[in-house]
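Structural characterization, general
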Amino acid sequence: MDSNMKRGILSNGIAVALLASVSPAMGLSKLAALALAIQWVVYLIHGLPYQSEKFYDASGSLTYLAVVLTALLSKERHNARAIISSFLVVIWCTRLGSFLFARILKDGRDSRFDKFKEHWLRFLGVWTIQALWFFLVASPALVVSTSEGCDARSVGLLDAIGWSVWVAAFLLEVVADAQKGSFRANAANAKKFITTGLWTYSRHPNYFGEICMWIGICLSGSSCFTGAQWLSWLSPLTTYVLLIQVSGVPLLEAKGEKEWGELPEYQWYMKHTPCIIPAFTCPPAYRKDS
């Protein structure tokens, strides 16, 4: 058994085991199974035959839409908290999914997947992990839509605070992505790194917005969570771990170091600009004599 097959067995096994253990405790087993089924179907139809990650992000958005709407429509009557939280998740996944899909259509491929495509089982693990990621991240909205306890409690201050946090974080992410997109579209910036706009205050302001959006959804849900439903707070924690430790910051900054690591202005930017949480003041401007 080669190393790729071992890694494939391990990644699939851990992801499925976590789904099977966490989802029943939260009363979300059927929704977790639906998420896994969607990911595997897309993998079998396109991912495996074409050895392609082209629809990976799109399948993630499809999973969010399908499972969140299934949870919402599982009841004849819908409370305001469930409707608003589900609506916010739909806005987020539609915006992010279309953004990522347009990017891969333009780039043609995502080099991050190259090593995973060396073995079909390891590549399947990527899709299985995405199902787990979806479930953990979306769980607060799913609990709010399916829990009788959430139906019984009216919308209150905690909901308003949570939704306000979500809106502010969503706008921050959209603006950060737009600024970076505009920067890259300028041919004069072809070999440069962005340090303007929100990127002046944080090396990854879009990731900060992403994490805070799920904190907002959890704040709203916390007005009705009980028992194992408090595991929904794994949502922003999962987002943080994935972005900061796994697929976000490490890969991007390794790529940046490879491209601009020898530039003193890049080292200055990395040293003086916070990674995630934006600084309240602008970092000092780079000076050649410093």
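Residues numbered from 1 in each chain as written. Predicted model: local features only at pLDDT ≥ 70, side-chain atom pairs only at ≥ 80, totals over all residues. Heavy atoms only, no water.

For the rest of this paragraph, the subject is the confidence of the model for the protein. Taken as a whole, the protein shows an average pLDDT of 86; of its residues, 94% reach a score of 70 or greater. Summarising per-element confidence for the protein, the mean pLDDT is lowest in helix 6 (residues 148–152) (75) and highest in helix 8 (residues 205–221) (95). (pLDDT = per-residue confidence, 0-100. Helix = DSSP H or I, 4+ residues; strand = E, 2+ residues; numbered from the N terminus.)

Here the idea is simple: oppositely charged side chains can pair when their charged atoms come close. Evaluated as defined, the whole model comprises five salt bridges. The salt bridge partner of Arg81 is Asp159, with a shortest N-O separation of 2.8 Å. Of this pair, Arg81 sits in helix 4 (residues 80–107) while Asp159 sits in helix 7 (residues 157–185), and the two are 78 residues apart along the sequence. A residue is classified by how much of its surface remains accessible, and Arg81, at 1% relative accessible area, is buried. Judged by relative accessible area, Asp159 falls into the buried class, the value being 0%. (Salt bridge = Lys/Arg side-chain N within 4 Å of Asp/Glu carboxyl O. Buried < 20%, exposed > 50% of the residue type's maximum accessible area, 1.4 Å probe, protein only.)

Where helix 5 (residues 120–146) contacts helix 9 (residues 234–246), the axes come no closer than 7 Å and their chain directions differ by 140 degrees. One element, helix 5, and the other, helix 9, form an angle in the oblique class. Contact residues: Trp133, Leu136, Val137 and Pro140 in helix 5; Leu234, Ser235, Thr238, Thr239 and Leu242 in helix 9. For the contact of helix 5 with helix 9, the residue count by class is six nonpolar, three polar and no charged. (Axes fitted to C-alpha atoms, helices over the stretch in contact; angles between N-to-C directions. Parallel < 35°, antiparallel > 145°, perpendicular 65-115°, else oblique. Contact = heavy atoms within 4.5 Å. Nonpolar A, V, L, I, M, F, W, Y, C, P; charged D, E, K, R; others polar.)

Right, let's talk about the UniProt feature "transmembrane region" (unreviewed entry) in the protein for a bit. The feature "transmembrane region" (unreviewed entry), as given by UniProt, occupies residues 82–102, 123–143 and 155–176 in the numbering adopted here. Within the segment residues 123–143, helix and strand shares are 100% and 0% respectively, and the terminal C-alpha atoms sit 30 Å apart. Across residues 155–176, helical content stands at 91% and strand content at 0%; the span's end C-alpha atoms are separated by 31 Å. (UniProt positions renumbered as here; feature names shortened; annotations may be inferred.)

Moving on: the nonpolar core. Tyr64, Trp92, Phe134, Phe135 and Leu142 are the most contacted members of the largest nonpolar core, which has 43 residues in total. Of all the secondary structure elements, the ones that give two or more residues to this core are helix 1 (3–25), helix 2 (29–50), helix 3 (56–72), helix 4, helix 5, helix 7 and helix 8. The element best represented in this core is helix 5, accounting for eleven residues. (Core = buried A, V, L, I, M, F, W, Y, C linked by side-chain atoms within 4.5 Å.)

Now for a nonpolar patch on the surface. Nonpolar side chains collect at one region of the surface, where Leu237, Tyr240, Val241 and Val246 lie side by side and expose about 330 Å² of accessible area between them. Along the chain, the position of Tyr240 falls in helix 9. (Patch = residues over 30% accessible without salt bridge, like charges linked within 9 Å, V, L, I, M, F, W, Y side chains within 5 Å. Areas by Shrake-Rupley, 256 points an atom, 1.4 Å probe, with all protein chains shown as cover.)

A separate point is the packing of aromatic side chains. Under the counting rule described, the total for this entry stands at 15 aromatic pairs. Ring centres 5.9 Å apart and planes at 45 degrees place the aromatic pair Phe193 and Tyr269 in the tilted group. One end of the pair, Phe193, is in the loop between helix 7 and helix 8; the other, Tyr269, is in helix 11 (residues 264–272), with 76 residues separating them in the sequence. Judged by its relative accessible area of 15%, Phe193 falls in the buried class. What makes Tyr269 buried here is its relative accessible area of 10%. One aromatic cluster is present, formed by Tyr64, Trp92, Trp133, Phe134 and Trp214 through successive ring pairs. (Phe/Tyr/Trp six-rings, centres within 6.5 Å; stacked < 30°, edge-to-face > 60°.)

It is worth spelling out helix 9 at this point. Every buried residue of helix 9 is accounted for by Ser235, Pro236, Thr238, Thr239, Leu243 and Ile244. Tucked into the core, helix 9 has its buried residues touching helix 5, helix 8 and helix 10 (249–260).

Further remarks concern the side chain of Asn12. As for its position among the elements, Asn12 is in helix 1. At 2.6 Å, the side chain of Asn12 and the side chain of Thr128 are in polar contact. (Polar contact = N/O pair within 3.5 Å; in protein donor to acceptor, adjacent residues only side chain to side chain.)

What follows is about helix 7. Along its 29 residues, helix 7 runs 42 Å from first to last C-alpha, staying within 8% of the 42 Å computed at 1.5 Å per residue. All of the buried residues in helix 7 are Asp159, Gly162, Trp163, Trp166, Ala169, Phe170, Glu173, Ala176, Asp177 and Phe183. (Expected span 1.5 Å × (residues − 1).)

Another aspect to go through is the packing of helix 2 against helix 3. The relative placement of two packed helices comes down to the angle between their axes together with the axis-to-axis distance. Interaxial distance between helix 2 and helix 3 falls to 10 Å at its minimum, and their mutual angle equals 150 degrees. By the angle between their axes, helix 2 is roughly antiparallel relative to helix 3. At the point where helix 2 passes helix 3, the crossing takes the right-handed sense. Here Leu31, Leu34, Ala35, Ile38, Gln39 and Val42 of helix 2 lie close against helix 3, whose contacting residues are Ser59, Gly60, Leu62, Thr63, Ala66, Val67, Thr70 and Ala71. (Left-handed = near helix turned anticlockwise from the far one by under 90°.)

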